[in-house]
Amino acid sequence: MPHSPAIDLETIVEPATAVEGYLRTYLAGRCLPVNLQEAIEYALLGGGKMLRPVLVLRCCEAVGGAFEDAMAPAAAIEMIHTFSLVHDDLPAMDDDDLRRGRATLHKHTNEAMAVLAGDAMMGLAYELITTRIVPPSLAIRILTELTTATNNMIGGQVYDTLGDCDEATLPGAVGAMQRLKRIHLNKTGALLRASCRMGAICGQADKPQLAAVTRYAEAIGLMFQVVDDLLDVTQTTERLGKTAGKDVEQDKLTYPALLGLEGTRAEVARLHQEAGKALEPLGEQAVTLRLLADYMAVREK
Ligand code: IPE
Ligand code: IPE
Ligand code: MG
Ligand code: MG
Ligand code: MG
């Protein structure tokens, strides 16, 4: 598929601003305890890349839908993602002080508030779907995508943080690579896959379109975390806006740990190519998805 010179990355991610506005208005109208609302806004609207909402909207567009059709899942997925980050940063998990260039929520407020704000964002995300999407059959379909992905993300966090009872039965290098893929496809891939699929479903994708979007999503979903692993060892804390070097410090199973830097870069290139191939059936309408994959392969934060 040829690149369209008329579209640049800034234009592609521009709809994220509308999602931020949508989230702000939604929270303001929700009559939450003031301190909880402030905590959620601090974490949610604090300078994230908003890639998941952009993927929701751009996948909707790539199958012929309009952004308005997919605003609720775009907003909901950012709440689930931010809940996962707030809990990921807690002392009981990765124990991080810095996120999106500023103090993590539990440092900015306290641990109880970070736990509760994370919980609340999960509930609010599902509530957005059930109250804003019609007809109910579509709401149920979207909710199924979102809840399944949330559960898979949590499973991935368990594998990443606590290990898994299968570990003993998967020894050696092959076993380690299988475990690593399982961790990454779940902890990170699941929400990215749901982002793309929810967008396509809201855009009324037919079966081949949904299959193409899903293949793309699975490739970029894994690639995203492989790049995250790479950046953890190659970037500075200042550039990342989160603490670099955490994975080695915490002895995490990562792509650079298993394959080295060159092997990891080769895996990024392979997944990037797979993502591009997956888009072929969607034709020129998917140009923004191709450019997003290009960006995700070379991002520096
Ligand atoms: C960070 O996600 C956590 C991972 C799943 C790797 P992002 O890199 O999308 O974080 P934000 O939303 O831009 O802060
Ligand atoms: C995060 O993985 C995955 C989820 C939050 C679900 P990481 O622990 O690698 O993410 P960062 O590096 O802290 O953003
Ligand atoms: Mg983690
Ligand atoms: Mg972490
Ligand atoms: Mg990381």
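Here the structure is shown first, and the text comes after it.
Not measured: the values here are computed from a predicted model.

Next up on the list: the coordination of the magnesium ion (ligand 3). Each pair of donors in an ideal four-coordinate tetrahedral metal site encloses 109.5 degrees, whereas pairs in an ideal six-coordinate octahedral site enclose 90 or 180 degrees. The magnesium ion (ligand 3) binds to the protein through Asp 88 (OD) and Asp 94 (OD), with metal-donor distances spanning 2.1 to 2.2 Å. For the pair the magnesium ion (ligand 3) and the magnesium ion (ligand 4), the metal-to-metal distance amounts to 3.1 Å, and Asp 88 bridges them. Its relative accessible area of 11% is what places Asp 88 among the buried residues.

A separate point is the packing of aromatic side chains. In the structure shown here, the tally under the stated rule is zero aromatic pairs. Over the ring of Tyr 159 we find Arg 182; its NZ or CZ atom is 4.7 Å from the centre of that ring. Against the face of Phe 224 rests Arg 299, its NZ or CZ located 3.8 Å from the ring centre.

Relative to each other, helix H7 (residues 111–132) and helix H8 (residues 136–162) sit at 160°, their axes nearing to 9 Å. It follows that H7 is roughly antiparallel to H8 by the angle criterion. Read as a crossing pair, H7 and H8 show a hand that is right-handed. Along the contact surface, H7 presents Met 122, Ala 125, Tyr 126, Ile 129 and Thr 130, while H8 presents Ala 139, Ile 142, Leu 143, Leu 146, Thr 147 and Thr 150. Among the residues forming the contact of H7 with H8, the class breakdown is eight nonpolar, three polar and no charged.

Okay, the environment of Leu 259 next. In this fold, Leu 259 is placed in helix H13 (residues 255–279). Taking the C-alpha atoms as reference points, Leu 259 and Arg 24, separated by 235 residues in sequence, lie 42 Å from one another. When near neighbours in sequence (up to four residues on either side) are disregarded, Leu 259 contacts Met 177 and Thr 264.

Close to ligand 1 lie Gly 48, Lys 49, Arg 52, His 81, Leu 85, Arg 100, Thr 188, Phe 224, Gln 225, Asp 228, Lys 242 and Arg 299, which account for all nearby residues. Here Arg 52 contributes a side-chain N or O atom positioned 2.8 Å from an oxygen atom of ligand 1. One of the side-chain nitrogen or oxygen atoms of Arg 100 is found 2.7 Å away from an oxygen atom of ligand 1. Relative to its free-state accessible area of 390 Å², ligand 1 is covered by the protein chains to the extent of 90%. Grouping the constituent residues of the shell around ligand 1 by class yields two nonpolar, four polar and six charged.

Around ligand 2, the structure places Ser 84, Leu 85, Asp 88, Asp 94, Arg 99, Met 153, Gln 157, Lys 187, Thr 188, Gln 225, Asp 228 and Lys 242. A distance of 2.7 Å separates an oxygen atom of ligand 2 from a polar atom in the side chain of Asp 94. In this structure, an oxygen atom belonging to ligand 2 sits 3.2 Å away from a side-chain N or O atom of Asp 228. Protein contact buries 91% of the 390 Å² of open area that ligand 2 shows by itself. Top contributing element to the shell around ligand 2 by residue count: helix H5 (residues 71–88), with three residues. Looking at the shell around ligand 2, its residues break down into two nonpolar, four polar and six charged.

Cut-offs used in this document
Residues numbered from 1 in each chain as written. Chains lettered and ligands numbered in written order. Predicted model: local features only at pLDDT ≥ 70, side-chain atom pairs only at ≥ 80, totals over all residues. Heavy atoms only, no water. Donors = N, O, S within 2.8 Å, 3.2 Å for Na, K, Ca; no water. Buried < 20%, exposed > 50% of the residue type's maximum accessible area, 1.4 Å probe, protein only. Phe/Tyr/Trp six-rings, centres within 6.5 Å; stacked < 30°, edge-to-face > 60°. Lys NZ or Arg CZ within 6 Å of the ring centre and 35° of its normal. Axes fitted to C-alpha atoms, helices over the stretch in contact; angles between N-to-C directions. Helix = DSSP H or I, 4+ residues; strand = E, 2+ residues; numbered from the N terminus. Parallel < 35°, antiparallel > 145°, perpendicular 65-115°, else oblique. Left-handed = near helix turned anticlockwise from the far one by under 90°. Contact = heavy atoms within 4.5 Å. Nonpolar A, V, L, I, M, F, W, Y, C, P; charged D, E, K, R; others polar. Near = heavy atom within 4 Å. Polar contact = N/O pair within 3.5 Å; in protein donor to acceptor, adjacent residues only side chain to side chain. Areas by Shrake-Rupley, 256 points an atom, 1.4 Å probe, with all protein chains shown as cover.

Honestly, it's all geometry; don't read function into it.
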